[in-house]
Amino acid sequence: MLLLLLWSWTCLQGQDTITVMQYNLLYYGNYNSAFAGCNEATNNTQDKDENIRTLLDYVKPDILTVNEFGATQTILDNFVRHNLNINGAEYWKTDNIVNYANSSIVNHIFYDSRKMELKRHAVIRTAVRDIDAYELYFKTSGLAAGDTVKLVCMVAHLKAGNNSTDEGKRRAMIQNAMDFIDENYPNDNVLIMGDFNMYSSTESAYRLLTQSYSNNDILFVDPLSLVGGVGNWHNKYQYAQFHTQSTMGWSDNDCRSGGGLDDRFDMILMSDEIYMGFNDLRYVTQSYHAVGNDGNHFNQSINEGANLAVPELVAEALYACSDHLPVTMKMRLHAQLSVDEQPFAALQASVSPNPATNQIKLHFFNPSESSLRVELLTLQGQVLAVEEFQAEEGTQQWEGSVQDLTPGFYLIRLSNSEGWAQTMKMVKR
């Protein structure tokens, strides 16, 4: 066992940054003409494999999640053999296909087994198609299997379409996913990713993920909310650098969507636990991007003229492989926390009421007489207000006003002069 743990730590100590890649593979291996005319002539798997290998070599992901993957074991085995476990690599693993919806295309995951293991694959059934949840554990130093850093990857392909009925179906799918998280992983590191087919951040499904779920402990952060990428992104030039679909200005067959880059369908959203680094896994700032999007191809093919984001070979592979761009992000294991730097249990603090309207109270236990500091922060870590006060040893209470705050999510950080600190989420109605 000791030898195994030392080997596992060697794997992660050399590369403690984890790269995640999400990609809609456009009916990979599916030659059913009922699916938008995708067949061996218009969507050849061997041609796609060559482009996929180019993209994987460029991104070098540790976790790859996909949509529109052919729902047979043969296609799955061939994908691993032809694209992942090649050139001496033997460490890529996956899981068997679970397909309650009996769809010709499914979601799937592939992961580097030198760095993590899959403990559980659960499937959330919806009226449209399945959502897959993969519970992974990282092989970190000194911890027994199953008692290490956890990451849950939820892969979804939401209902397509730009009318109110389609929007309602997307919301229902996300509701099912959020209820599953509430029941199983309310305080864990969770990514929810896939082809969301959303045209704007005003959609109720998007708001349910990022603002309005009934359990205030469950909140997803869109990495692009930190850099101005959230809004009505459909066919808007101001969001050109964030679009993921379509990679081609026009299409010569019924398989691929044309029109050039003008929609942000493909996303990876993270639980606030990952954003803040609460559970030893933290988002690497500004690491999220759509591969190949240089911001200069609005309503154009991704390979039209010069592409300033990727080499020409990669731009050509993106154009030929799918009508979607892959999205990637990085996370760092055992990162130094940006907002909270000490164990939470020290102060044993809580905030009430939560959600709050006018006043809040902090209840906490102070280990010794000391000065304390209360900070009000945005989710991005911006300090909005600070108050310092003296507190005796023992159970204490602090009161403050939130009446003038804009409704939304905030962080409250309590720290004392002895070095203890705790950060809590607070919702302002």
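Residues numbered from 1 in each chain as written. Predicted model: local features only at pLDDT ≥ 70, side-chain atom pairs only at ≥ 80, totals over all residues. Heavy atoms only, no water.

Re the overall build of the protein chain
Then step 1. Helix and strand counts for the protein chain stand at seven helices and 20 strands.
Then step 2. Expressed as a percentage of the 429 residues in the protein chain, the buried residues total 56%.
Then step 3. Partitioning the contacts of the protein chain with sequence separation of at least 6, the portion at a separation of at least 24 is 68%. (Helix = DSSP H or I, 4+ residues; strand = E, 2+ residues; numbered from the N terminus. Buried < 20%, exposed > 50% of the residue type's maximum accessible area, 1.4 Å probe, protein only. Contact = heavy atoms within 4.5 Å.)

Quick word on helix H5 (residues 204-212)
Then step 1. For H5, the set of buried residues is Ala205, Tyr206, Leu208, Leu209 and Thr210. Projected down its long axis, H5 shows its buried positions confined to an angular sector of 165°, all on one face.
Then step 2. For H5, the secondary structure elements touched by its buried residues are helix H4 (164-184), strand S8 (190-195), strand S9 (220-221), strand S10 (266-271) and strand S19 (408-416). (Arc of directions from axis to C-beta.)

Focus: the state of the cysteines
What makes a disulfide is a covalent bond joining the sulfur atoms belonging to two cysteines.
Then step 1. Applying the stated rule across the entire model yields one disulfide.
Then step 2. A sulfur-sulfur distance of 1.9 Å marks the disulfide that ties Cys38 to Cys255. Residues Cys38 and Cys255 share a disulfide whose torsion about the S-S bond is about 90°; that sign makes it right-handed. Highlighted residues: Cys38 in the loop between strand S1 (17-28) and helix H2 (45-59) and Cys255 in the loop between S9 and S10, separated in sequence by 217 residues. Both residues of the pair, Cys38 and Cys255, belong to the buried class. (Disulfide = S-S within 2.5 Å.)

Looking at the environment of Asn307
Then step 1. With respect to the helices and strands, Asn307 occurs in the loop between strand S12 (289-290) and helix H7 (312-321).
Then step 2. Distance from Asn307 to Asn296, taken between C-alpha atoms, is 7.8 Å for residues eleven residues apart in sequence.
Then step 3. Among all residues touching Asn307, those that are not within four sequence positions of it are Gly292, Asp294, His297, Ile302 and Ala315.
Then step 4. At 2.9 Å, the side chain of Asn307 and the backbone oxygen of Gly292 are in polar contact. (Polar contact = N/O pair within 3.5 Å; in protein donor to acceptor, adjacent residues only side chain to side chain.)

So, the nonpolar core
Then step 1. Phe69, Phe110, Met154 and Leu191 are the most contacted members of the largest nonpolar core, which totals 98 residues.
Then step 2. Setting aside residues no more than four positions away along its own chain, Phe110 makes contact with Asp62, Ile63, Leu64, Val66, Phe69, Leu76, Phe79, Val80, Leu84, Trp92, Lys93 and Thr94.
Then step 3. Ranked by size, the runner-up nonpolar core spans 19 residues in total, among them Val351, Ala356, Ile360 and Leu362. (Core = buried A, V, L, I, M, F, W, Y, C linked by side-chain atoms within 4.5 Å.)

Side note on the packing of aromatic side chains
Then step 1. All told, the structure shown has ten aromatic pairs when counted by the stated rule.
Then step 2. Ring centres of Tyr28 and Phe79 lie 5.2 Å apart, and the angle between their planes is 90°; on these two criteria the pair is classed as edge-to-face. On the criterion of sequence distance, the pair formed by Tyr28 in strand S1 and Phe79 in helix H3 (residues 73-84) is long-range, its members being 51 residues apart. With respect to burial, Tyr28 and Phe79 carry one shared label: buried.
Then step 3. Taken together through their ring pairs, the aromatic side chains of Tyr28, Phe69, Phe79 and Phe110 make up a single cluster.
Then step 4. The lysine or arginine in question, Arg125, covers the ring of Tyr100, its NZ or CZ lying 3.8 Å from the ring centre.
Then step 5. In this structure, Arg264 is placed above the aromatic ring of Trp233, and the distance from its NZ or CZ to the ring centre is 5.1 Å. (Phe/Tyr/Trp six-rings, centres within 6.5 Å; stacked < 30°, edge-to-face > 60°. Lys NZ or Arg CZ within 6 Å of the ring centre and 35° of its normal.)

Some thoughts on the sheet that holds S10
Then step 1. The mixed open sheet is built from six strands, whose spatial order is S5-S6-S7-S8-S10-S9. Unpaired on one side and paired on the other, strand S5 (116-124) and S9 mark the two borders of the sheet.
Then step 2. As paired elements, strand S7 (residues 150-157) and S8 share six bridges and run parallel to each other. Residue Ala156 lies in a different strand from S8, and its bridge partner there is Gly194.
Then step 3. Against the sheet, H4 makes contact with S5, strand S6 (131-138), S7, S8 and S9, and its axis sits at roughly 130° relative to S5, the strand it touches most.
Then step 4. Against the sheet, H5 touches S8, S9 and S10, its axis set at about 25° to S10. (Pairing = 2+ DSSP bridges. Axes fitted to C-alpha atoms, helices over the stretch in contact; angles between N-to-C directions.)

Quick look at the layout of surface pockets
Then step 1. Reported here for the second largest pocket is a volume of approximately 340 Å³.
Then step 2. As for the second largest pocket, its lining consists of 17 residues, of which Leu56, Asp57, Lys60, Tyr91 and Trp92 are closest to the centre.
Then step 3. Put simply, the parts of the chain that give the lining of the second largest pocket at least two residues each are H2 and H3.
Then step 4. Looking at which element gives the most residues to the lining of the second largest pocket, the answer is H2, with three residues.
Then step 5. Split into classes, the residues belonging to the lining of the second largest pocket amount to seven nonpolar, three polar and seven charged. (1 Å grid on protein atoms, 1.4 Å probe; cavity = no way out; pocket = protein on both sides within 12 Å on 5 of 7 lines; lining within 4 Å. Points joined across faces, edges and corners; volume = space filled by probe spheres on them. Nonpolar A, V, L, I, M, F, W, Y, C, P; charged D, E, K, R; others polar.)

Overview of the pattern of salt bridges
Then step 1. Using the criterion set out here, one finds 13 salt bridges in the structure.
Then step 2. Between Arg373 and Glu388 there is a salt bridge; the shortest N-O distance is 2.6 Å. With Arg373 in strand S16 (residues 370-377) and Glu388 in strand S17 (residues 383-391), this residue pair connects regions lying 15 residues apart in the sequence.
Then step 3. Assessed through its relative accessible area of 29%, Arg373 is described here as partly exposed.
Then step 4. According to the relative accessible area criterion, Glu388 is exposed, its value standing at 57%.
Then step 5. Overlapping salt bridges, with partners in common, bring together Asp62, Asp112, Arg114 and Lys115 in one network. (Salt bridge = Lys/Arg side-chain N within 4 Å of Asp/Glu carboxyl O.)

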